[in-house]
Amino acid sequence: MLVFGDNMRGKTSLLNALRWVFYGKALGRHSREIALFDLVNSEATLEGDWSMEVVVTFEDDGHRYELRRTAAKRSLVSTPSRSEDLLVERSMRKDDIALGDHLIDAEINRFAPEQTSRFFLFDGELLDEYEQLLIDGSDQSKLIKEAIEQVLGVPNLIRGRDDAQTILKAAQKQQTADLQKIGGFESQAEKQRHYQAQIESIEKDIKGQGERLRKVNTDREELDDDLAKVEAFYQAKQKLDDAASTRDKSANRQDDLHQVRLGYVRDAWKEVLRPLLTLKREHIQDEYSKFTSQMLDRDKVETKIAQLQQAVRSETCHACGQPLHEKERIAASKELGKLQADLLGFKVDMTLFSQHSTDLQSLNKLLKPTDSRQIMLIDNEVNRLSVELTTLDNQIEELNELIKGQDTAEISRKRFMRDGLIKQAAHIAGEINSSQVKLIGHQRDLAVISKILEGLPTARAAKSSRLVNLAAALERVYGRSIDQLRDDLKTTVEMLASRAFRKLTTQSQYSGLRINGNYGLTILDERGQEVPIRSAGAEQIVALSLIDGLAHAGRSAGPVVMDTPFGRLDKKHRANILAYLPTTTTQLILFVHEGEVDKATDLVHLKSRVDSVYEIKEVNLRHSRIERVNQ
Amino acid sequence: MTDENDMALVALLKAAAEVEPNLSTDLLRSTFTIQRRHQFDRDEMRALSMQELKTLLEAKIDREDPK
Amino acid sequence: MSDATIATVSERTQVRLSNKSHATLTQMKEDGYLAEMTDGYRLGIALALSMGITPGELPAENRNFIAVSTLDPTGELATAIRMLVNLEGQGVYGYAERLADWGIKEMQERFKGGFLDVASLMSNTAEKVS
C-alpha cells in the first residue's frame, strides 16, 4: 500500500494515529511522547469539537479484528486545557465479538507488542537515530539496543534471571528464619540475616539513586532540547562577543598608530626635501672632489719645484746626490721655469672650498635617516584596519539583529545548568557503581554461607534451603544464557543483515556487514576491510538491512508501516528497496512524497505488488483528506 | 516463534548444559514458557511471572520431598 | 653666500602666516592630522621648496605665527632653504614664510580638507627627482 503526501500534509500524523490506536501513544522528535492534549486537531477545537477517533481493521491468524480508540472532553469540563481534561476509551472486536478491556493488551501483544513497535511502525527519523548505535554509551544507543534485544528475546532471559533472584532472596530469608529454629546454626543464620539486611538496604539505595539519575537525565534532556532550539543564538552571541573584542583591539591599534604617525609627521618635511637635498649633496660632493684633486696636483708641483730649486742651487741631483753637469743644470733650470709658470695657473678658491666642506657637513646632518619614512607603512596599516573595522561593524550589526529579543543570559544560564546536570549524573552513576560493588560483595558473602549450609544434612533437608538451591541454580543458568544469547544473536543478525545489505546496496564490491556490541553495523569492502566513512544514504541502507535481519532472526514477518524511509537515497537504492522489502513482510505500507517515489516511473515496477495507492490532499493548513487514487 | 527456532530458549538450554548440567530440562522449558507468556506485560504486572515461577519451583520441591 | 653678506641681512624673529592658511592649519590640527600647527608649517615650506616655485608676497591679511627659535631651533630649516635656493640677499625666514603660505595653500588644494596624505608628498618629490 502506498500513501503519497507532500511534506507537512500529515504522513507522520497518520503513522502516529496507528501508534495511538494500538498503544495510546503518539511520538514526536527523538521518540518523545506527544501530550494527548496536543493531538486533537486545532481547527476542530476552535469549533468546540474535542473528539478524536482512530479505527483500524486487520486480520491475523484467520481472525478479523477491529480496534477503536477515542478521546473526548470529560463531561464536567467546559473547555479542556490539559490532557487530563480528556477521556480516552478503547474497544476491540474479534470476529465481531467484543473483547473485554483486560484482554485487549494480551491480544495486541500476540502480533504487535509495543516494545518492538519501532521496527514495524517505522519512522524515517529512526534511520537518523540508528547512527547513534555506532556511538557507544549514548542514551539513544541504549534505547535502540534494548529495542533490538527485545525483538530477539533477550529480555525474557533477563527477566527470568531477575525473577529467580527475587525468589532466591525471599527463600534465603525464609532459610535464615528456619535455621534459627534448628539448633547449632544460630551464628550462620545471624550472618545470613545480616547480609540479607545489608543487601536489601543497598538495593533500596540503588533504586533511589536510579530514580535520581533518571530525573537528572530527564531534566538534562529537556534542557538539551531547549538549548538545541536556541543553539544558533548562543553561537551568534559567542561570535558577537568575539567580534566586539576584536573590534576593540583593532580600534585601539588604529588609535595607537595614529599617535605614532603624528610624531612622525614632525620630521616629515625632511623626507619631502630628501631627494632634492640628496641631489644637492651629490653636486657639492663633485665640486669638493675636484677641489681636492686640484690641491693634490698643486702640492705635487710645489714639491717638484722645491726639489729642482735645490738641485740648481747645489748643482747636485736630488735623487742620487751626484754632481750635475752643465747640460743637466740647464735642463733642470728650464723645467723649473716651466713648473713655476704652471704653478701660477693653479687658482684654488679656498673660501669656496671651505664653504663646500661646511655645506657637506650640514647636508649630511639634514639627510640622517628619520622615522618619518615609516608613515606610508603606518597609513597602509591604518587603512587595512579601517576595512577590518567596517567588516566587523557589519558583522556585529547582523549578529545583533539575529539575537534581538533573545535572552542570551538565560541561554548561558541554561547551558551552565545543563553542564551541572551532566556532572551530577556522572556523580550519581559513580554512586550507583560503588553501591553495586558493595552489593556484589555482600551477595558473595551470602553465597558462601549458603554453600556452607548446603553441605549440612539438617540444613539441606529444610524446604527453604532446597528452594534456595534451586533458585540459585536457575539464576546462574539464566545469567549465563544472557551472554550466550547475545553472542549467538550477533552472529545470526550479522549474517542476516549482510544478506539483506547485499540485496539493497548498489555497490557490488561491498562484501557484507560486521556487527559491534551495540548492534551497530560497519560495511566491509571486497577485502573484508571496514569502510570508514559512510554517506547518509549508506547509513539508511545499513539501517534497513539491520531491520530486515532482525525481522528474520527474531519474529515472524508481519505488516510494516514505513514513513518516508527514502530521504537520502538515490534512485537506484530506492528501486532496490522497493523491490526487496515487500518480500520480507506480509504487508508493506509506505508513506512517501513524490520526491521519493515517482508515480510515473517507480510504480510501474511495483504495479503487480501494489494493492492500493492513496494520496493525502490538503484542505487547508490544519486539515488534510486521504483519497484513494486509481492506478 | 516455535521452540525449535527460539534463539533465547536454545541459549538457555546451552547455558544450563554448561553451568548446571543436573538441572531438569523440562523445568527449564517450563520456566521459559512462563517468561514468554509474560514478556509484554506492563511494569505493574511484572510480579505475575515471578509468582508463577515460585509456584512452579515449590511444586517441584514438594514432589521431591524426601519425607 | 659669504659670511659678510649674511651678516648684513636682518633676519626675522617671528614668522607670519596668512589668515587663510592659519585657518587651514587650525582645521588640520583639529581633524587630528597634525600634532602641532608648526608641523604643518614646516611641511608647507618643504612642499613649496620641492616644487621649485618662487612664492609671491604674503597676503595683506596675515598674522604672526610663531617665533623662529621655536620653528627652527637647530637651524636645519634655514640650511635646507639656503641649499636649494639662491636667496640673493633675502632673509631666509622672510622667504620661509612665503614658502610656507604657498605650501599650505597647495596642501589645502590637494587634500581639500580631507586626509593629510603626507606619504604622497614624500613619494611625489622622489618621483619628480628620479
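Rules used in this analysis
Residues numbered from 1 in each chain as written. Chains lettered and ligands numbered in written order. Predicted model: local features only at pLDDT ≥ 70, side-chain atom pairs only at ≥ 80, totals over all residues. Helix = DSSP H or I, 4+ residues; strand = E, 2+ residues; numbered from the N terminus. Buried ≥ 20, exposed ≤ 12 C-beta atoms within 10 Å, placed from the backbone. Pairing = 2+ DSSP bridges. Axes fitted to C-alpha atoms, helices over the stretch in contact; angles between N-to-C directions. Contact = placed C-beta atoms within 7 Å. Nonpolar A, V, L, I, M, F, W, Y, C, P; charged D, E, K, R; others polar. Expected span 1.5 Å × (residues − 1). Arc of directions from axis to C-beta. Parallel < 35°, antiparallel > 145°, perpendicular 65-115°, else oblique. Left-handed = near helix turned anticlockwise from the far one by under 90°. pLDDT = per-residue confidence, 0-100.

Observations concerning the overall build of chain B
Part 1 of the argument: Along chain B, the regular secondary structure elements total three helices and zero strands.
Part 2 of the argument: The helix and strand sequence of chain B, counted from the amino end, reads α-α-α.
Part 3 of the argument: Split into buried and exposed, the 67 residues of chain B put 24% on the buried side.

Concerning the sheet that holds strand β11 (residues 613–620) of chain A
Residue and element names in this part refer to chain A.
Part 1 of the argument: Pairing within the open sheet is mixed, and its six strands lie in the order β6-β9-β10-β1-β11-β12. The sheet is open, and its two edges are formed by β6 (121–123) and β12 (623–629), each paired on a single side. Averaged over all neighbouring strand pairs, the angle between strand axes comes to 20°, with direction disregarded.
Part 2 of the argument: Inspection of the sheet shows strand β1 (residues 2–4) paired to strand β10 (residues 588–592) by three bridges, in the parallel sense.

A closer look at the interface of chain A and chain C
Part 1 of the argument: Facing the 22 residues of chain A at the interface are 23 residues of chain C.
Part 2 of the argument: The biggest single contributor to the side of chain A that touches chain C is helix α8 (residues 268–314) of chain A, with 10 residues.
Part 3 of the argument: Across the side of chain A that touches chain C, the residue classes break down as 14 nonpolar, three polar and five charged.

Things to note about helix α2 (residues 19–30) of chain C
All names here are of chain C.
Part 1 of the argument: Compared with an ideal rise of 1.5 Å per residue, which puts 12 residues at 16 Å, α2 spans 16 Å between its outermost C-alpha atoms and is within 8% of the ideal.
Part 2 of the argument: Looking at α2, one finds that the buried residues are S21, T24, L25 and M28. Buried positions in α2, seen along its axis, are confined to an arc of 95° and lie on one side of it. Exposed and oriented more than 90 degrees from the buried face of α2 are N19 and E30.
Part 3 of the argument: In the stretch just after α2, G32 is the one whose phi turns positive, near 85°.

Thoughts on the packing of helix α6 (residues 154–181) of chain A against helix α7 (residues 186–265) of chain A
Residue and element names in this part refer to chain A.
Part 1 of the argument: In contact at an axis separation of 8 Å, α6 and α7 are set at 155° when each is read in the N-to-C sense. Relative to α7, the element α6 lies roughly antiparallel. Here α6 runs over α7; the crossing is left-handed. Two secondary-structure elements touch here, α6 through Q172, K173, T176, L179 and Q180 and α7 through E186, Q188, A189, Q192, R193 and Q196.
Part 2 of the argument: Class assignment of the residues belonging to the contact of α6 with α7 gives a composition of two nonpolar, six polar and three charged.

Some details on the pairing of strand β2 (residues 52–60) of chain A
Side chains on a regular strand alternate between the two faces of the sheet.
Residue and element names in this part refer to chain A.
Part 1 of the argument: The pairing of β2 with strand β3 (residues 63–73) spans nine bridges and is antiparallel. Within the sheet, the bridge partner assigned to D60 lies in β3 and is H63.
Part 2 of the argument: Hairpin connection between β2 and β3: a loop of two residues separates the two successive antiparallel strands, and D61 in this loop has a positive phi of roughly 55°.

What to know about unusual backbone geometry
All names here are of chain A.
Part 1 of the argument: Positive phi is not limited to glycine here, since D61 has a value of about 55°.
Part 2 of the argument: Mapping D61 onto the fold places it in the loop between β2 and β3.
Part 3 of the argument: For D61, a count of 6 C-beta atoms within 10 Å translates into the label exposed.

Some thoughts on the environment of L324 of chain A
Residues and elements named next belong to chain A.
Part 1 of the argument: By the secondary structure assignment, L324 is in the loop between α8 and α9 (326–345).
Part 2 of the argument: Counting along the chain gives 10 residues from L324 to S314, while the straight-line C-alpha distance between them is 8.8 Å.
Part 3 of the argument: Not counting chain neighbours up to four residues away, the residues in contact with L324 comprise A311, E315, T316, C317, R329 and A332.

Re the interface of chain B and chain A
Part 1 of the argument: The interface is formed by 28 residues belonging to chain B together with 34 residues belonging to chain A.
Part 2 of the argument: Counting residues per element, the ones that place at least two in the side of chain B that touches chain A are α1 (7–19), α2 (25–37) and α3 (47–63) of chain B.
Part 3 of the argument: Here the side of chain B that touches chain A takes nine residues from α1 of chain B, the largest share from any one element.
Part 4 of the argument: The residue makeup of the side of chain B that touches chain A, split by class, is 17 nonpolar, four polar and seven charged.

Observations regarding the sheet that holds β2 of chain A
Residues and elements named next belong to chain A.
Part 1 of the argument: Ordered in space as β2-β3-β4-β5, the four strands form an open sheet in which the pairing is antiparallel. Two strands lie at the open edges of the sheet, namely β2 and β5 (97–99), each paired on one side alone. Strand after strand, the sheet turns through a mean of 25° between neighbouring axes, direction not considered.
Part 2 of the argument: Two strands pair when backbone bridges link them, and strand β4 (residues 86–94) and β5 are joined in this way by three bridges, in the antiparallel orientation.

Let's talk about the environment of D96 of chain A
All names here are of chain A.
Part 1 of the argument: Relative to the helices and strands, D96 resides in the loop between β4 and β5.
Part 2 of the argument: By the C-beta count within 10 Å, which is 7 here, D96 ends up exposed.
Part 3 of the argument: Along the chain, D96 and R64 lie 32 residues apart, while their C-alpha atoms are 7.7 Å from each other.

So, the confidence of the model for chain B
Part 1 of the argument: Per-residue pLDDT for chain B has a mean of 85; in total, 88% of the residues score no lower than 70.
Part 2 of the argument: Of the two predicted TM-score estimates for the complex, the pTM is 0.52 and the ipTM is 0.94.

A look at α1 of chain B
Part 1 of the argument: The end-to-end C-alpha distance of α1 of chain B is 18 Å, a good match for the 18 Å that 13 residues give at a rise of 1.5 Å each.
Part 2 of the argument: Looking only at α1 of chain B, the buried set comprises A8, L9, A11, L12, A15 and A16 of chain B. Taken down its axis, α1 of chain B places every buried residue within 160° of arc, on the same side.
Part 3 of the argument: If you follow the buried residues of α1 of chain B, they end up packed against α6 and α14 (463–504) of chain A together with α2 of chain B.

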